[in-house]
4 protein chains.
Amino acid sequence: MKNTAILLVSCPDQKGLVAAIADFLYRHNANILHADQHQDGALKLFLMRVEWDLGDFHLPLGEFERHFAPIAERFQMDWRLALSGYRPKMAVFVSRYDHCLADLLYRHQSGELHCDIPLIVSNHTDTKWLADAYGIPFQHVTVHRDAKEEAERLQLDLLRHHHVDFIVLARYMQVLSPQFIHHYPSRIINIHHSFLPAFHGAKPYHRAFERGVKLIGATSHYVTEILDDGPIIEQDVARISHRDHLDDLIQKGADLEKIVLSRAVRWHIENRVLLYANKTVVFD
Amino acid sequence: MKNTAILLVSCPDQKGLVAAIADFLYRHNANILHADQHQDGALKLFLMRVEWDLGDFHLPLGEFERHFAPIAERFQMDWRLALSGYRPKMAVFVSRYDHCLADLLYRHQSGELHCDIPLIVSNHTDTKWLADAYGIPFQHVTVHRDAKEEAERLQLDLLRHHHVDFIVLARYMQVLSPQFIHHYPSRIINIHHSFLPAFHGAKPYHRAFERGVKLIGATSHYVTEILDDGPIIEQDVARISHRDHLDDLIQKGADLEKIVLSRAVRWHIENRVLLYANKTVVFD
Amino acid sequence: MKNTAILLVSCPDQKGLVAAIADFLYRHNANILHADQHQDGALKLFLMRVEWDLGDFHLPLGEFERHFAPIAERFQMDWRLALSGYRPKMAVFVSRYDHCLADLLYRHQSGELHCDIPLIVSNHTDTKWLADAYGIPFQHVTVHRDAKEEAERLQLDLLRHHHVDFIVLARYMQVLSPQFIHHYPSRIINIHHSFLPAFHGAKPYHRAFERGVKLIGATSHYVTEILDDGPIIEQDVARISHRDHLDDLIQKGADLEKIVLSRAVRWHIENRVLLYANKTVVFD
Amino acid sequence: MKNTAILLVSCPDQKGLVAAIADFLYRHNANILHADQHQDGALKLFLMRVEWDLGDFHLPLGEFERHFAPIAERFQMDWRLALSGYRPKMAVFVSRYDHCLADLLYRHQSGELHCDIPLIVSNHTDTKWLADAYGIPFQHVTVHRDAKEEAERLQLDLLRHHHVDFIVLARYMQVLSPQFIHHYPSRIINIHHSFLPAFHGAKPYHRAFERGVKLIGATSHYVTEILDDGPIIEQDVARISHRDHLDDLIQKGADLEKIVLSRAVRWHIENRVLLYANKTVVFD
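Just so we're clear, the structure is a prediction, and the values are computed from it rather than from any experiment.

**Quick look at the sheet that holds strand E11 (residues 232-239) of chain D**
Residues and elements named next belong to chain D.
Then, in step 1: Taken in spatial order, the seven strands make up an open sheet running E7-E6-E5-E8-E9-E10-E11, and their pairing is mixed. With partners counted over all chains shown, the strands left at the sheet margins are strand E7 (138-140) and E11, one partner each. For this sheet the average axis-to-axis angle between neighbouring strands, irrespective of direction, equals 15°.
Then, in step 2: Bridge analysis of strand E8 (residues 166-169) against strand E9 (residues 188-192) gives three bridges, and the strand direction is parallel.

Written out as structure tokens, the structure is:
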């Protein structure tokens, strides 16, 4: 089991930044395992992810903030410390299509996803058997067209009760309200079944089929108030041809969706995703 | 050198179609090399491409139509006979970016594209050196903002004079008028530097960069009156990351554009592309 | 539910072949849904797959052979008739890695794989929980190094008892004997975790890592007596970089293996795979 | 035009490394544009590439070595300073296939490859027209089977005379002797027309066709004494099917070869490739 700390930094690009961070870590005897940085020349922005082994690290984590504060202040850093030992709590929202849920549950069970899943929330009961097979609590929350607010209130209660850190929409077919989204900013991951921004909105496979595209796609992104417009975490495509009917698109797309969503979820859990300007930097 | 005939058929799907065509060819001693067909169940449409060696074929090509007419009538066929021995005349339109032109000229020269290139038309002179290097006539036709019609008239004169069969827009940065397009229906091939329908219109790389996509694309399609909306012949994508600046997108995209356009042009030349419902069937 | 017949033909390439088959089907009022053919010019071989709806078909299937025999004889055909309504019986062999098994079981359960799974055979018990979750009988057959023959005898008994049509080796880590393989010629599908023929044999990820390749692969193939040398059904690759440790290769590879194996299994079930010259033709 | 310095470091992994380098650069007022590092945990190796703008840099480059020496010594660094302003001299060796040469010449001419090409060497004259079109000196050096040594001596004279920094084998069909290779260690880049290590040696497309693979590949690598065994810089693949004849493989492969080789050459020129353990790290 890894026992590492991960420092995520975002700030105006300035000389001496890397030197200051590297020197700080060195003085406290950090054994750096990975360090990645990115400069956005146009926005004059600096982003960094550095991960080190906690084995030899001299500084107690409880005192990290106090010691790091002067550097953070000097460079006007937006920063965050994450620990690989902490397993974040992930809730999965799902409707009827179960391929993404089945994939996430298998990856969780096999140890690929270092998180806990305190609950699955669904507006249908079709996927309960999967939750049961993997031993994950399943909550059926019906969403009536004219009582969405009430349903969301109930969902939020469940999320709070289970101390959920982030939410994965595994083909959840309800649009969440801005109020709901505000509770989990940059912490709701969706899978959209198209190569965004193409075919945003409803029925993307139908529209891809009609348009006669030669590749279909899937996009995983953070949910923002504007539908299908949040920062993209991962995308991929698969080749199709005239031999593929709409059903084939849906089936080939399902394999894409699973892979793309699971990559995004893993990167989120491993604190590899940084956000800026409605985009992501993924330090892989 | 191949000496084959290619029959392209499109008609309502009916029983006995394949039997009738296969029997007709057999009776005239055709040695079939390739046969591909496609049924669109929803539209009840049948599409076929069959290619045979002319070596043993008994029927003189001048009499093909007369002999095939009864079958064509019976099944209400839209059909066309093409000969591999005929080298279609391709005009290339280009502006300043020369990567697609350079690629087409090299493939033509190396024998990959079985066509003649009687002329290159450009609204700039930047690419003249390439035309000269490959020995292809170059026509500079300036396009003034307020004299587009005149420019198009001149272009059409040139095309007619050279008996051009089809036009390739190799990053030609002018929008053609519907009047112009009507002269070459389904015979103008464009390369658009995005994964259509995403980022149709101007500056697709800039917009892809801003949106933070993880893949960039290129699309080759037939030109119709509606901008970037014609039947797609081929598409492909390349992976990018946050490390790629806008310049990198443009450079990686250039490699995509070349490959995608050259595939589309080759398939068009080889009579592999059939059209229906604003889509293509590519019999590869 | 589809109710179709599929005719698979392999024979020396000759004139009149397509006409004879198409005419035969037409005379019996077949409504052809798909027809694909392939000619191998070098080997002068003709391969065909034609699928038609049985709704209007006049010929009782029990009499198909008698009526088709004259054509088959005339063209020296190797042929087979398959029915989409028949669900073949698939046995899955697995050792400890369970990702391929989990994937197959999910696809079976979701209706993507039109087959029955009468049993899972394993030389370990690690995957029993998955078999139980999906309600599939699980047989633990230990394979002692010095009692392989006995184990295979037991396996063959089980396969016969359950009328198994074909076997999928879903990361089964034992080499099967030629005697065993002879009982299921071209009916054992394996997944090898490399891009064959690179890294055939043991520990392909380790060797790929050592060699410093930039892509890893997976290959699904029919099992023959020569290890990892049978006809390839499907292959795919994924990009890796120096940032990927051996563990990352194994994890990224697992996703490849699942996808590649499931495609091969589906094509086999749908009678899309034809064999010749230690190769496959996949009519997709 | 970029005016940057690039420091490439390889040394045993130790604490304080990044801090020491970052501090050194900061003290001399470097404006870091990119920094990438890689740790190989198993080999306990540290690799770094850092690029900074020379605009504000206080340290005259002529004194860099003297000032950096103490740090280099302390950490037992293998290091190198490269300047983006220096255009390395690249010689291209080619035989009869000209697609890679044409591609490199176009990319050079268009400004994508920041290098000079003082000469093209060929054992045939087929590609002279291309050299002429792009205005690059062409040297015809015949290689007789029993006078290879003599030919190589002549080639080496030419390379020395033109102060060549590195050599690109753009489908050069002669095997170079170890003696020759010793003169340009890790400075000869080859393109092999297969997905190495599959199909190393002669006629890879023929063998790929015979084996019935579903993807073909191309590999660019540094040349070492062992044929097709040097450190891989880049690889890519393309999908093929039974519809592709050997000719199609060769043609599709040509597009792969061009792209893969040009990427490798560009990365080499931009000092992005580091070597260790017969592998490459490509800092892209």
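**Points about the relation of the copies chain A and chain B**
Then, in step 1: Placing chain A over chain B gives an RMSD of 0.0 Å and needs a rotation angle of 180°, together with 0.0 Å of translation along the axis. The superposition operator between the copies reduces to a two-fold rotation axis. Within chain A, Ala 198 of chain A has its C-alpha nearest the rotation axis, a separation of 2.2 Å.
Then, in step 2: Here 97% of the contact residues of chain A are again contact residues in chain B; the copies associate through an equivalent surface.

**Here's the deal with the relation of the copies chain A and chain C**
Then, in step 1: After a rotation of 180° and a shift along the axis of 0.0 Å, chain A superposes on chain C with an RMSD of 0.0 Å.
Then, in step 2: Comparing interface residues between copies, 100% of those in chain A also lie at the interface in chain C; the contact surface is shared.

**Some points on the domain arrangement of chain A**
Residue and element names in this part refer to chain A.
Then, in step 1: One can read the domain layout of chain A as domain 1 (4-83) and domain 2 (89-282).
Then, in step 2: Distance between the C-alpha centres of domain 1 and domain 2: 31 Å.
Then, in step 3: If you look at the interface, domain 1 gives twelve residues, while domain 2 gives seven residues.
Then, in step 4: Between domain 1 and domain 2 lies a buried interface of about 800 Å² when both sides are counted; carbon and sulfur atoms form 61% of it.
Then, in step 5: Among the residues domain 1 hides against domain 2, the three largest losses belong to Leu 8, Leu 47 and Arg 49. Together they make up 45% of the total.

**Side note on empty space enclosed by the protein**
Then, in step 1: As enumerated under the stated definition, the model contains 19 cavities of 30 Å³ or more in all.
Then, in step 2: Its volume calculated, the largest cavity comes out at about 150 Å³.
Then, in step 3: Lining the largest cavity we find 15 residues, and of these Asp 103 and Lys 258 of chain B together with Asp 103, Tyr 106 and Lys 258 of chain D sit closest to its centre.
Then, in step 4: It is helix H3 (residues 99-109) of chain B that provides the largest number of residues to the lining of the largest cavity, a total of five residues.
Then, in step 5: Class assignment of the residues belonging to the lining of the largest cavity gives a composition of eight nonpolar, one polar and six charged.

**Points about the interface of chain A and chain C**
Then, in step 1: In this assembly, 21 residues from chain A lie in contact with 21 residues from chain C.
Then, in step 2: When the buried area of chain A at its contact with chain C is split by residue, Tyr 106, Trp 129 and Gln 251 of chain A rank highest and sum to 29% of it.
Then, in step 3: Seen at the junction of chain A and chain C, the total is four salt bridges.
Then, in step 4: For Arg 107 of chain C, the salt bridge is made with Asp 255 of chain A, and the minimal N-O distance between the two is 2.9 Å.
Then, in step 5: Where chain A meets chain C, there are six residue pairs in polar contact (both at pLDDT 80 or more).
Then, in step 6: For the side of chain A that touches chain C, the elements supplying multiple residues, two or more each, are helix H3 (99-109), helix H4 (128-133) and helix H8 (246-269) of chain A.
Then, in step 7: The biggest single contributor to the side of chain A that touches chain C is H3 of chain A, with six residues.
Then, in step 8: Broken down by class, the residue content of the side of chain A that touches chain C amounts to seven nonpolar, five polar and nine charged.

**Here we look at the packing of aromatic side chains**
Residue and element names in this part refer to chain B.
Then, in step 1: As enumerated under the stated definition, the model contains 46 aromatic pairs over all chains in all.
Then, in step 2: The interplanar angle of 20° and the centroid separation of 6.1 Å between the aromatic rings of Trp 52 and Phe 64 together place this pair among those described as stacked. Remark: Phe 64 occurs in helix H2 (residues 64-74) and Trp 52 occurs in strand E3 (residues 45-53); sequence separation between them is twelve residues.
Then, in step 3: We classify Trp 52 as buried; its relative accessible area is 0%.
Then, in step 4: We classify Phe 64 as buried; its relative accessible area is 1%.

**Here we look at the sheet that holds strand E7 (residues 138-140) of chain B**
Residues and elements named next belong to chain B.
Then, in step 1: Ordered by their spatial adjacency, seven strands build an open sheet running E7-E6-E5-E8-E9-E10-E11, and the pairing between neighbours is mixed. Either end of the sheet is taken by a strand with one partner, and the two such strands are E7 and strand E11 (232-239). Direction aside, the axes of adjacent strands within the sheet are offset by 15° on average.
Then, in step 2: Of the strand pairs in this sheet, strand E5 (residues 89-94) and strand E8 (residues 166-169) are connected by four bridges, and their pairing is parallel. Of the residues in E8, the one forming a bridge with Met 90 is Phe 166.
Then, in step 3: Relative to strand E6 (residues 116-122), H3 is tilted by about 165°, and along the sheet it contacts E5, E6, E8 and strand E9 (188-192).
Then, in step 4: Each of E5, E8, E9, strand E10 (215-222) and E11 touches helix H8 (residues 246-269); the most contacted strand, E10, lies at about 30° to it.

**What to know about the pairing of strand E5 (residues 89-94) of chain A**
Residue and element names in this part refer to chain A.
Then, in step 1: Burial of E5 is extensive: five of the six residues sit out of reach of the surface.
Then, in step 2: Pairing geometry for E5 and strand E6 (residues 116-122), over five bridges, is parallel. Looking at the pairing, Val 94 lines up with Ser 122 of E6.
Then, in step 3: Each parallel crossover has a hand, and for E5 linked through H3 to E6 it is right-handed.

The rules behind the values
Residues numbered from 1 in each chain as written. Chains lettered and ligands numbered in written order. Predicted model: local features only at pLDDT ≥ 70, side-chain atom pairs only at ≥ 80, totals over all residues. Heavy atoms only, no water. Pairing = 2+ DSSP bridges. Helix = DSSP H or I, 4+ residues; strand = E, 2+ residues; numbered from the N terminus. Axes fitted to C-alpha atoms, helices over the stretch in contact; angles between N-to-C directions. Least-squares fit on C-alpha atoms with pLDDT ≥ 70 in both. Contact = heavy atoms within 4.5 Å. Domains from an automatic or database assignment. Buried area = accessible area lost by both parts, 1.4 Å probe. 1 Å grid on protein atoms, 1.4 Å probe; cavity = no way out; pocket = protein on both sides within 12 Å on 5 of 7 lines; lining within 4 Å. Points joined across faces, edges and corners; volume = space filled by probe spheres on them. Nonpolar A, V, L, I, M, F, W, Y, C, P; charged D, E, K, R; others polar. Salt bridge = Lys/Arg side-chain N within 4 Å of Asp/Glu carboxyl O. Polar contact = N/O pair within 3.5 Å; in protein donor to acceptor, adjacent residues only side chain to side chain. Phe/Tyr/Trp six-rings, centres within 6.5 Å; stacked < 30°, edge-to-face > 60°. Buried < 20%, exposed > 50% of the residue type's maximum accessible area, 1.4 Å probe, protein only. Right-handed = clockwise from strand over helix to strand, strands pointing away.

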